[in-house]
Amino acid sequence: MDFHSTRGAPERIGFSTALLRGLAPDGGLYVPQEWPRHDAEQFPQELALPAVGMQLVAPFAAGDRLAPSLSDIVTEAFSFQAPVVPIRGAAAGESLSVLELFHGPTAAFKDFGARFLAACFQRLRAPGDPLLNILVATSGDTGGAVAAAFHRRPGMAVTVLYPKGLVSPTQERQLTCWGDNVRSFAVHGTFDDCQRMVKEAFVDPQLRARQNLSSANSINLGRLLPQAVYYAATSIAHWRARAERLNFIIPSGNLGNAVACIWARHMGLPIGEVILAHNANATVPEFLQRGEWQPRASRATLASAMDVGNPSNMERLRHLLPELDALRRAVTAVSVDDTAIGARIRADRAAFGQIWCPHTAVAAEVWARLPAEVRRGRSWCLVATASPAKFPEIVEPLIGESVPVPPALADLLGRPTHVESLEPTLEALRAALV
Ligand SMILES: *Cc1c(COP(=O)(O)O)cnc(C)c1O
(Lines give C-alpha, C1' and ligand atoms only; values in the text may rest on other atoms or scores of the structure.)
Protein backbone atom coordinates (compact mmCIF):
# COMPACT_ATOMS: atom_id res chain seq x y z
CA MET A 1 0.00 0.00 0.00
CA ASP A 2 1.06 3.59 -0.57
CA PHE A 3 0.99 6.50 1.83
CA HIS A 4 0.71 10.24 1.31
CA SER A 5 1.07 13.42 3.34
CA THR A 6 -1.88 15.06 5.13
CA ARG A 7 -0.74 18.34 3.54
CA GLY A 8 -1.49 17.22 0.03
CA ALA A 9 1.93 16.75 -1.60
CA PRO A 10 1.38 14.44 -4.61
CA GLU A 11 4.23 12.07 -3.67
CA ARG A 12 3.22 8.45 -2.88
CA ILE A 13 5.62 6.31 -0.83
CA GLY A 14 5.68 2.78 0.59
CA PHE A 15 5.35 1.57 4.17
CA SER A 16 9.04 1.40 5.08
CA THR A 17 9.82 4.80 3.55
CA ALA A 18 7.03 6.33 5.64
CA LEU A 19 8.55 4.73 8.76
CA LEU A 20 12.08 5.85 7.98
CA ARG A 21 11.03 9.42 7.17
CA GLY A 22 8.68 9.94 10.12
CA LEU A 23 7.49 13.35 8.96
CA ALA A 24 6.65 14.07 5.29
CA PRO A 25 8.90 16.63 3.52
CA ASP A 26 6.00 19.12 3.33
CA GLY A 27 5.67 18.97 7.13
CA GLY A 28 2.56 16.76 7.00
CA LEU A 29 1.92 13.36 8.55
CA TYR A 30 1.68 10.15 6.55
CA VAL A 31 -1.73 8.55 6.09
CA PRO A 32 -2.72 5.49 4.04
CA GLN A 33 -3.89 5.89 0.48
CA GLU A 34 -6.87 3.60 1.06
CA TRP A 35 -8.52 1.82 3.98
CA PRO A 36 -8.66 -1.97 4.21
CA ARG A 37 -12.03 -3.24 5.44
CA HIS A 38 -12.10 -5.69 8.33
CA ASP A 39 -14.89 -7.82 9.64
CA ALA A 40 -14.87 -9.18 13.20
CA GLU A 41 -15.80 -12.62 11.83
CA GLN A 42 -12.60 -12.89 9.80
CA PHE A 43 -10.29 -12.80 12.80
CA PRO A 44 -9.00 -15.98 14.41
CA GLN A 45 -10.93 -17.52 17.30
CA GLU A 46 -7.94 -17.01 19.56
CA LEU A 47 -7.46 -13.22 19.63
CA ALA A 48 -3.76 -13.17 20.54
CA LEU A 49 -2.25 -9.76 19.79
CA PRO A 50 0.40 -11.01 17.31
CA ALA A 51 -2.25 -12.79 15.22
CA VAL A 52 -4.61 -9.80 15.25
CA GLY A 53 -1.64 -7.53 14.53
CA MET A 54 -0.61 -9.60 11.55
CA GLN A 55 -4.09 -9.46 10.04
CA LEU A 56 -4.55 -5.75 10.69
CA VAL A 57 -1.13 -4.48 9.60
CA ALA A 58 -0.52 -6.83 6.65
CA PRO A 59 -2.58 -4.80 4.10
CA PHE A 60 -0.53 -1.68 4.94
CA ALA A 61 2.78 -3.49 4.48
CA ALA A 62 1.66 -5.38 1.34
CA GLY A 63 4.26 -5.10 -1.40
CA ASP A 64 6.80 -3.49 0.94
CA ARG A 65 10.21 -4.95 1.76
CA LEU A 66 9.05 -5.40 5.37
CA ALA A 67 6.14 -7.66 4.33
CA PRO A 68 8.11 -10.95 4.50
CA SER A 69 9.24 -10.20 8.09
CA LEU A 70 5.92 -8.83 9.33
CA SER A 71 5.03 -12.00 11.19
CA ASP A 72 8.32 -11.88 13.14
CA ILE A 73 7.90 -8.16 13.75
CA VAL A 74 4.43 -8.47 15.32
CA THR A 75 5.54 -11.45 17.40
CA GLU A 76 8.43 -9.41 18.74
CA ALA A 77 6.43 -6.20 19.28
CA PHE A 78 3.36 -7.80 20.90
CA SER A 79 5.17 -9.97 23.39
CA PHE A 80 3.06 -8.88 26.35
CA GLN A 81 -0.67 -8.76 26.98
CA ALA A 82 -3.25 -5.99 26.94
CA PRO A 83 -5.80 -7.49 29.35
CA VAL A 84 -9.33 -6.17 29.74
CA VAL A 85 -10.27 -6.11 33.39
CA PRO A 86 -13.90 -5.66 34.47
CA ILE A 87 -14.52 -3.09 37.18
CA ARG A 88 -16.52 -4.65 39.93
CA GLY A 89 -18.52 -2.26 42.02
CA ALA A 90 -19.87 -0.22 39.14
CA ALA A 91 -23.55 0.46 39.87
CA ALA A 92 -26.33 -1.89 38.77
CA GLY A 93 -26.76 -1.94 35.03
CA GLU A 94 -23.38 -0.37 34.37
CA SER A 95 -20.80 -2.22 32.35
CA LEU A 96 -17.31 -0.80 32.84
CA SER A 97 -13.94 -2.33 32.08
CA VAL A 98 -10.33 -1.22 31.82
CA LEU A 99 -8.00 -1.98 28.94
CA GLU A 100 -4.61 -2.23 30.66
CA LEU A 101 -1.92 -1.13 28.23
CA PHE A 102 0.85 -0.98 30.81
CA HIS A 103 2.25 -4.50 30.94
CA GLY A 104 5.24 -3.77 28.71
CA PRO A 105 8.84 -3.10 29.75
CA THR A 106 8.31 0.56 30.75
CA ALA A 107 4.73 0.19 32.01
CA ALA A 108 3.04 2.57 29.53
CA PHE A 109 1.17 2.02 26.25
CA LYS A 110 4.02 3.63 24.31
CA ASP A 111 5.90 0.31 24.59
CA PHE A 112 3.65 -1.14 21.84
CA GLY A 113 4.46 1.51 19.24
CA ALA A 114 8.12 1.88 20.21
CA ARG A 115 8.76 -1.86 20.03
CA PHE A 116 7.01 -2.22 16.69
CA LEU A 117 9.04 0.64 15.23
CA ALA A 118 12.33 -0.72 16.59
CA ALA A 119 11.59 -4.19 15.19
CA CYS A 120 10.89 -2.61 11.77
CA PHE A 121 14.00 -0.39 11.81
CA GLN A 122 16.22 -3.33 12.64
CA ARG A 123 14.97 -5.22 9.58
CA LEU A 124 15.41 -2.20 7.33
CA ARG A 125 19.14 -2.10 8.02
CA ALA A 126 21.65 -3.69 5.72
CA PRO A 127 25.06 -4.99 6.84
CA GLY A 128 27.59 -2.15 6.70
CA ASP A 129 24.97 0.60 7.07
CA PRO A 130 26.21 3.46 9.28
CA LEU A 131 25.02 3.51 12.90
CA LEU A 132 21.44 4.80 13.07
CA ASN A 133 21.09 7.31 15.90
CA ILE A 134 17.55 7.79 17.21
CA LEU A 135 17.25 11.23 18.75
CA VAL A 136 14.37 11.72 21.18
CA ALA A 137 13.22 14.61 23.35
CA THR A 138 11.01 13.52 26.21
CA SER A 139 9.11 14.84 29.17
CA GLY A 140 8.33 11.37 30.43
CA ASP A 141 7.10 8.11 28.95
CA THR A 142 8.31 8.40 25.35
CA GLY A 143 12.02 8.44 26.18
CA GLY A 144 11.81 5.34 28.36
CA ALA A 145 9.73 3.36 25.86
CA VAL A 146 12.04 4.24 22.96
CA ALA A 147 15.19 3.53 24.98
CA ALA A 148 13.80 0.15 26.08
CA ALA A 149 12.74 -0.77 22.55
CA PHE A 150 16.13 0.00 20.96
CA HIS A 151 18.35 -1.03 23.89
CA ARG A 152 21.15 -3.39 22.75
CA ARG A 153 19.88 -3.58 19.17
CA PRO A 154 22.91 -3.82 16.89
CA GLY A 155 23.61 -0.93 14.53
CA MET A 156 21.28 1.43 16.36
CA ALA A 157 21.76 3.91 19.18
CA VAL A 158 19.42 6.16 21.14
CA THR A 159 20.06 9.67 22.45
CA VAL A 160 17.50 10.81 25.02
CA LEU A 161 17.16 14.47 25.99
CA TYR A 162 15.05 15.39 29.02
CA PRO A 163 14.67 18.58 31.05
CA LYS A 164 16.79 18.37 34.20
CA GLY A 165 14.74 18.65 37.38
CA LEU A 166 11.44 18.76 35.48
CA VAL A 167 10.69 15.04 35.39
CA SER A 168 9.84 13.08 38.53
CA PRO A 169 12.57 11.02 40.25
CA THR A 170 10.83 7.79 39.15
CA GLN A 171 10.64 8.97 35.54
CA GLU A 172 14.26 10.10 35.63
CA ARG A 173 15.38 6.64 36.69
CA GLN A 174 13.54 5.10 33.75
CA LEU A 175 15.23 7.50 31.38
CA THR A 176 18.72 6.85 32.71
CA CYS A 177 18.78 3.14 33.59
CA TRP A 178 19.92 1.87 30.18
CA GLY A 179 23.56 2.41 29.24
CA ASP A 180 25.08 0.39 26.35
CA ASN A 181 23.76 1.97 23.13
CA VAL A 182 21.52 4.45 24.99
CA ARG A 183 22.86 7.85 26.09
CA SER A 184 20.71 9.97 28.37
CA PHE A 185 21.22 13.70 28.73
CA ALA A 186 19.76 15.90 31.46
CA VAL A 187 19.38 19.23 29.66
CA HIS A 188 19.63 22.47 31.65
CA GLY A 189 16.39 23.78 30.21
CA THR A 190 12.75 22.93 29.60
CA PHE A 191 11.08 20.24 27.49
CA ASP A 192 10.61 22.88 24.78
CA ASP A 193 14.41 23.40 24.75
CA CYS A 194 14.92 19.64 24.32
CA GLN A 195 12.45 19.54 21.46
CA ARG A 196 14.02 22.58 19.78
CA MET A 197 17.49 20.98 20.02
CA VAL A 198 16.21 17.82 18.33
CA LYS A 199 14.58 19.82 15.53
CA GLU A 200 17.76 21.88 15.05
CA ALA A 201 19.91 18.75 14.99
CA PHE A 202 17.87 17.31 12.11
CA VAL A 203 18.54 20.34 9.90
CA ASP A 204 22.14 20.99 11.04
CA PRO A 205 24.44 20.35 8.06
CA GLN A 206 27.39 19.31 10.23
CA LEU A 207 25.37 16.73 12.16
CA ARG A 208 23.63 15.46 9.06
CA ALA A 209 26.95 14.91 7.36
CA ARG A 210 28.47 13.04 10.30
CA GLN A 211 25.49 11.29 11.87
CA ASN A 212 22.73 9.12 10.54
CA LEU A 213 19.95 10.66 12.63
CA SER A 214 16.41 9.40 12.86
CA SER A 215 13.43 10.03 15.06
CA ALA A 216 10.99 7.77 16.85
CA ASN A 217 8.54 10.56 17.33
CA SER A 218 4.90 9.75 18.11
CA ILE A 219 3.83 11.13 14.73
CA ASN A 220 5.66 8.21 13.08
CA LEU A 221 3.22 5.89 11.34
CA GLY A 222 5.21 2.96 12.74
CA ARG A 223 4.23 3.96 16.26
CA LEU A 224 0.62 4.77 15.49
CA LEU A 225 -0.54 1.80 13.39
CA PRO A 226 0.36 -0.96 15.89
CA GLN A 227 -1.81 0.81 18.47
CA ALA A 228 -4.88 -0.05 16.39
CA VAL A 229 -4.19 -3.71 17.20
CA TYR A 230 -5.27 -3.69 20.85
CA TYR A 231 -8.45 -1.79 19.95
CA ALA A 232 -9.23 -4.41 17.32
CA ALA A 233 -8.61 -7.36 19.66
CA THR A 234 -10.57 -5.80 22.55
CA SER A 235 -13.58 -4.72 20.48
CA ILE A 236 -13.82 -8.06 18.63
CA ALA A 237 -13.74 -10.00 21.92
CA HIS A 238 -16.52 -7.80 23.28
CA TRP A 239 -18.54 -8.13 20.06
CA ARG A 240 -18.32 -11.90 20.22
CA ALA A 241 -19.31 -12.03 23.88
CA ARG A 242 -22.07 -9.40 23.88
CA ALA A 243 -22.99 -8.68 20.23
CA GLU A 244 -22.52 -4.95 20.81
CA ARG A 245 -19.93 -2.32 20.04
CA LEU A 246 -17.52 -1.34 22.79
CA ASN A 247 -17.20 2.38 23.66
CA PHE A 248 -13.78 3.75 24.62
CA ILE A 249 -12.62 6.66 26.76
CA ILE A 250 -9.00 7.44 25.91
CA PRO A 251 -6.58 9.64 27.92
CA SER A 252 -5.22 11.90 25.17
CA GLY A 253 -2.40 14.34 24.50
CA ASN A 254 -0.97 14.20 21.00
CA LEU A 255 -3.92 11.97 19.96
CA GLY A 256 -1.76 9.11 18.66
CA ASN A 257 -3.55 6.52 20.76
CA ALA A 258 -7.00 7.96 19.97
CA VAL A 259 -6.38 8.21 16.21
CA ALA A 260 -5.34 4.54 16.22
CA CYS A 261 -8.74 3.69 17.78
CA ILE A 262 -10.64 5.84 15.29
CA TRP A 263 -8.69 4.28 12.41
CA ALA A 264 -9.61 0.83 13.72
CA ARG A 265 -13.30 1.80 13.78
CA HIS A 266 -12.96 3.29 10.28
CA MET A 267 -11.67 -0.09 9.07
CA GLY A 268 -14.87 -1.74 10.26
CA LEU A 269 -14.01 -2.96 13.74
CA PRO A 270 -16.91 -3.01 16.21
CA ILE A 271 -16.04 0.16 18.11
CA GLY A 272 -18.82 2.52 19.23
CA GLU A 273 -18.24 5.92 20.76
CA VAL A 274 -14.75 7.33 21.26
CA ILE A 275 -14.32 10.00 23.92
CA LEU A 276 -11.04 11.89 24.17
CA ALA A 277 -10.17 12.55 27.81
CA HIS A 278 -7.87 15.57 28.07
CA ASN A 279 -6.33 17.29 31.07
CA ALA A 280 -6.40 21.11 31.44
CA ASN A 281 -4.75 21.39 28.03
CA ALA A 282 -8.13 21.79 26.33
CA THR A 283 -7.22 22.65 22.73
CA VAL A 284 -9.19 19.72 21.30
CA PRO A 285 -12.36 20.02 23.45
CA GLU A 286 -12.43 23.77 22.69
CA PHE A 287 -12.02 23.14 18.99
CA LEU A 288 -14.92 20.67 18.88
CA GLN A 289 -17.05 23.14 20.80
CA ARG A 290 -16.24 26.35 18.93
CA GLY A 291 -14.98 25.10 15.59
CA GLU A 292 -11.81 27.20 15.81
CA TRP A 293 -8.37 25.61 16.03
CA GLN A 294 -6.41 27.57 18.63
CA PRO A 295 -3.24 25.78 19.70
CA ARG A 296 -1.68 27.04 22.92
CA ALA A 297 1.54 26.66 24.86
CA SER A 298 1.22 23.55 27.01
CA ARG A 299 0.35 23.81 30.72
CA ALA A 300 1.90 21.55 33.35
CA THR A 301 -0.62 19.17 34.95
CA LEU A 302 -0.61 16.01 37.09
CA ALA A 303 -1.13 13.96 33.89
CA SER A 304 2.09 15.30 32.41
CA ALA A 305 2.37 12.90 29.43
CA MET A 306 -0.77 14.62 28.11
CA ASP A 307 0.52 18.20 28.50
CA VAL A 308 0.19 19.07 24.83
CA GLY A 309 -1.13 22.43 23.65
CA ASN A 310 -0.91 21.70 19.92
CA PRO A 311 -1.72 18.01 19.38
CA SER A 312 0.07 16.88 16.24
CA ASN A 313 -2.23 13.99 15.30
CA MET A 314 -5.20 16.36 15.01
CA GLU A 315 -3.92 16.74 11.47
CA ARG A 316 -4.61 13.05 10.81
CA LEU A 317 -8.05 13.26 12.38
CA ARG A 318 -9.05 16.28 10.30
CA HIS A 319 -7.69 14.62 7.19
CA LEU A 320 -9.97 11.65 7.85
CA LEU A 321 -12.96 13.83 8.78
CA PRO A 322 -12.56 17.27 7.24
CA GLU A 323 -16.16 18.36 7.93
CA LEU A 324 -16.60 19.70 11.44
CA ASP A 325 -20.05 18.16 11.83
CA ALA A 326 -18.81 14.73 10.81
CA LEU A 327 -15.88 15.10 13.22
CA ARG A 328 -18.25 16.05 16.02
CA ARG A 329 -20.31 12.94 15.33
CA ALA A 330 -17.17 10.78 15.31
CA VAL A 331 -15.57 11.93 18.57
CA THR A 332 -16.31 13.94 21.66
CA ALA A 333 -13.69 15.47 23.95
CA VAL A 334 -13.72 16.50 27.58
CA SER A 335 -11.18 18.45 29.66
CA VAL A 336 -10.51 17.60 33.32
CA ASP A 337 -8.49 19.79 35.70
CA ASP A 338 -5.93 18.71 38.31
CA THR A 339 -8.34 19.05 41.22
CA ALA A 340 -10.70 16.57 39.58
CA ILE A 341 -7.83 14.19 38.72
CA GLY A 342 -6.71 14.09 42.36
CA ALA A 343 -10.26 13.66 43.64
CA ARG A 344 -10.93 10.84 41.16
CA ILE A 345 -7.79 8.92 42.19
CA ARG A 346 -8.89 9.16 45.83
CA ALA A 347 -12.54 8.34 45.18
CA ASP A 348 -12.01 5.27 42.97
CA ARG A 349 -9.45 3.77 45.33
CA ALA A 350 -12.18 3.92 47.94
CA ALA A 351 -15.10 2.90 45.68
CA PHE A 352 -13.57 0.18 43.46
CA GLY A 353 -10.23 -0.57 45.11
CA GLN A 354 -8.77 0.65 41.85
CA ILE A 355 -5.56 2.72 41.76
CA TRP A 356 -5.31 4.88 38.62
CA CYS A 357 -2.27 6.58 37.18
CA PRO A 358 -2.98 10.32 36.79
CA HIS A 359 -3.62 9.89 33.01
CA THR A 360 -6.05 7.02 33.41
CA ALA A 361 -7.79 9.00 36.16
CA VAL A 362 -8.73 11.59 33.53
CA ALA A 363 -10.64 8.90 31.63
CA ALA A 364 -12.24 7.61 34.84
CA GLU A 365 -13.42 11.13 35.65
CA VAL A 366 -14.89 11.54 32.16
CA TRP A 367 -16.84 8.28 32.61
CA ALA A 368 -18.13 9.43 36.01
CA ARG A 369 -19.38 12.67 34.41
CA LEU A 370 -21.42 10.88 31.73
CA PRO A 371 -25.18 11.07 32.28
CA ALA A 372 -26.36 8.02 34.26
CA GLU A 373 -28.46 6.71 31.35
CA VAL A 374 -25.42 6.85 29.03
CA ARG A 375 -23.29 4.97 31.56
CA ARG A 376 -26.00 2.34 31.94
CA GLY A 377 -27.12 2.09 28.35
CA ARG A 378 -23.90 0.65 26.91
CA SER A 379 -20.56 -0.93 27.72
CA TRP A 380 -17.65 1.40 28.39
CA CYS A 381 -13.95 0.69 28.40
CA LEU A 382 -11.43 3.02 30.06
CA VAL A 383 -8.02 2.92 28.45
CA ALA A 384 -5.31 2.66 31.13
CA THR A 385 -2.26 4.21 29.49
CA ALA A 386 0.24 3.73 32.31
CA SER A 387 0.73 1.90 35.58
CA PRO A 388 0.19 4.00 38.72
CA ALA A 389 3.55 2.65 39.93
CA LYS A 390 5.25 5.02 37.45
CA PHE A 391 3.87 8.00 39.35
CA PRO A 392 4.22 7.25 43.08
CA GLU A 393 5.13 10.88 43.84
CA ILE A 394 1.63 11.92 42.73
CA VAL A 395 -0.53 8.90 43.56
CA GLU A 396 0.73 7.83 46.99
CA PRO A 397 0.01 11.08 48.87
CA LEU A 398 -3.52 11.03 47.40
CA ILE A 399 -4.42 7.52 48.50
CA GLY A 400 -2.29 7.45 51.65
CA GLU A 401 -0.62 4.13 50.87
CA SER A 402 2.18 2.84 48.70
CA VAL A 403 1.51 1.61 45.16
CA PRO A 404 2.65 -1.96 44.42
CA VAL A 405 5.42 -1.97 41.80
CA PRO A 406 5.19 -4.60 39.02
CA PRO A 407 8.32 -6.79 38.89
CA ALA A 408 9.49 -5.57 35.45
CA LEU A 409 9.31 -1.97 36.58
CA ALA A 410 11.02 -2.75 39.89
CA ASP A 411 13.85 -4.31 37.92
CA LEU A 412 14.30 -1.15 35.83
CA LEU A 413 14.15 1.15 38.83
CA GLY A 414 16.83 -0.88 40.57
CA ARG A 415 19.41 -0.64 37.80
CA PRO A 416 22.41 1.70 37.94
CA THR A 417 21.86 5.02 36.17
CA HIS A 418 23.95 6.64 33.45
CA VAL A 419 23.40 10.32 32.76
CA GLU A 420 25.34 13.22 31.31
CA SER A 421 24.36 16.86 31.57
CA LEU A 422 24.00 19.18 28.64
CA GLU A 423 23.56 22.91 28.03
CA PRO A 424 20.38 23.68 26.07
CA THR A 425 22.14 24.56 22.82
CA LEU A 426 22.70 22.93 19.47
CA GLU A 427 26.47 23.46 19.86
CA ALA A 428 26.46 21.44 23.08
CA LEU A 429 24.46 18.62 21.46
CA ARG A 430 26.71 18.64 18.41
CA ALA A 431 29.81 18.40 20.60
CA ALA A 432 28.26 15.52 22.55
CA LEU A 433 27.28 13.57 19.44
CA VAL A 434 30.20 14.06 17.07
C1 LIG B 1 1.77 9.57 25.86
C2 LIG B 1 0.77 9.30 26.91
C3 LIG B 1 -0.58 9.69 26.78
C4 LIG B 1 -1.07 10.48 25.59
O5 LIG B 1 -1.08 9.71 24.42
P6 LIG B 1 -1.23 10.39 22.99
O7 LIG B 1 -1.08 9.32 22.02
O8 LIG B 1 -0.13 11.42 22.91
O9 LIG B 1 -2.58 11.06 22.97
C10 LIG B 1 -1.48 9.34 27.77
N11 LIG B 1 -1.08 8.67 28.87
C12 LIG B 1 0.19 8.28 29.04
C13 LIG B 1 0.55 7.53 30.27
C14 LIG B 1 1.16 8.57 28.07
O15 LIG B 1 2.44 8.18 28.25
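Quick summary incoming for the structure in this document. From a predicted model like this one, the values you see are computed outputs, not experimental measurements.

### Focus on the pairing of strand E5 (residues 132–137)
Then, number 1: With six of six residues buried, E5 is to be regarded as a mostly interior element.
Then, number 2: Covered by surrounding structure in E5 are Leu132, Ile134 and Val136 together with Asn133, Leu135 and Ala137, the residues of both alternating faces.
Then, number 3: Bridge analysis of E5 against strand E6 (residues 156–163) gives six bridges, and the strand direction is parallel. Bridging across to E6, Val136 finds its partner in Val160.
Then, number 4: Handedness of the β-α-β unit built from E5, helix H5 (residues 141–150) and E6 comes out right-handed.
Then, number 5: By the bridge criterion, three bridges tie E5 to strand E8 (residues 212–214) in an arrangement that is parallel. For Leu132, the partnering residue across the bridge sits in E8 and is Asn212.

### Some words on helix H11 (residues 256–266)
One turn of an α-helix holds 3.6 residues; hence residues three or four places apart share an orientation.
Then, number 1: Of all the 11 residues making up H11, 10 are buried; the element is thus mostly covered by neighbouring parts of the structure.
Then, number 2: For H11, the full list of buried residues reads Gly256, Asn257, Ala258, Val259, Ala260, Cys261, Ile262, Trp263, Ala264 and Arg265.
Then, number 3: Immediately downstream of H11, the backbone of Gly268 shows phi near 105 degrees, a positive value.

### Overview of the sheet that holds strand E13 (residues 420–422)
Then, number 1: Spatially, five strands are ordered E8-E5-E6-E7-E13 in an open sheet, and the strand pairing comes out parallel. For this open sheet the edge positions go to E8 and E13, each flanked by a neighbour on one side alone. Within this sheet the neighbouring strands show an average axis-to-axis angle of 30 degrees, counted without direction.
Then, number 2: Packed on one face of the sheet, H5 meets E5, E6 and strand E7 (182–187) and runs near 165 degrees to E6.
Then, number 3: The strands touched by helix H7 (residues 191–203) are E5, E6, E7, E8 and E13; relative to E5, the strand with the most contacts, the crossing angle is about 150 degrees.

### A look at the packing of helix H15 (residues 338–352) against helix H16 (residues 358–369)
Then, number 1: The geometry of H15 relative to H16 is characterised by a closest axis approach of 9 Å and an angle of 80 degrees between their N-to-C directions. In terms of axis orientation, H15 runs roughly perpendicular to H16. Here H15 contributes Ala340, Ile341, Arg344, Ile345, Asp348 and Phe352 to the contact with H16, which in turn contributes Pro358, Ala361, Val362, Ala364, Glu365, Trp367, Ala368 and Arg369.
Then, number 2: Tallied by class, residues from the contact of H15 with H16 come to 10 nonpolar, no polar and four charged.

Criteria and cut-off values
- Residues numbered from 1 in each chain as written.
- Predicted model: local features only at pLDDT ≥ 70, side-chain atom pairs only at ≥ 80, totals over all residues.
- Heavy atoms only, no water.
- Buried < 20%, exposed > 50% of the residue type's maximum accessible area, 1.4 Å probe, protein only.
- Helix = DSSP H or I, 4+ residues; strand = E, 2+ residues; numbered from the N terminus.
- Pairing = 2+ DSSP bridges.
- Right-handed = clockwise from strand over helix to strand, strands pointing away.
- Axes fitted to C-alpha atoms, helices over the stretch in contact; angles between N-to-C directions.
- Contact = heavy atoms within 4.5 Å.
- Parallel < 35°, antiparallel > 145°, perpendicular 65-115°, else oblique.
- Nonpolar A, V, L, I, M, F, W, Y, C, P; charged D, E, K, R; others polar.

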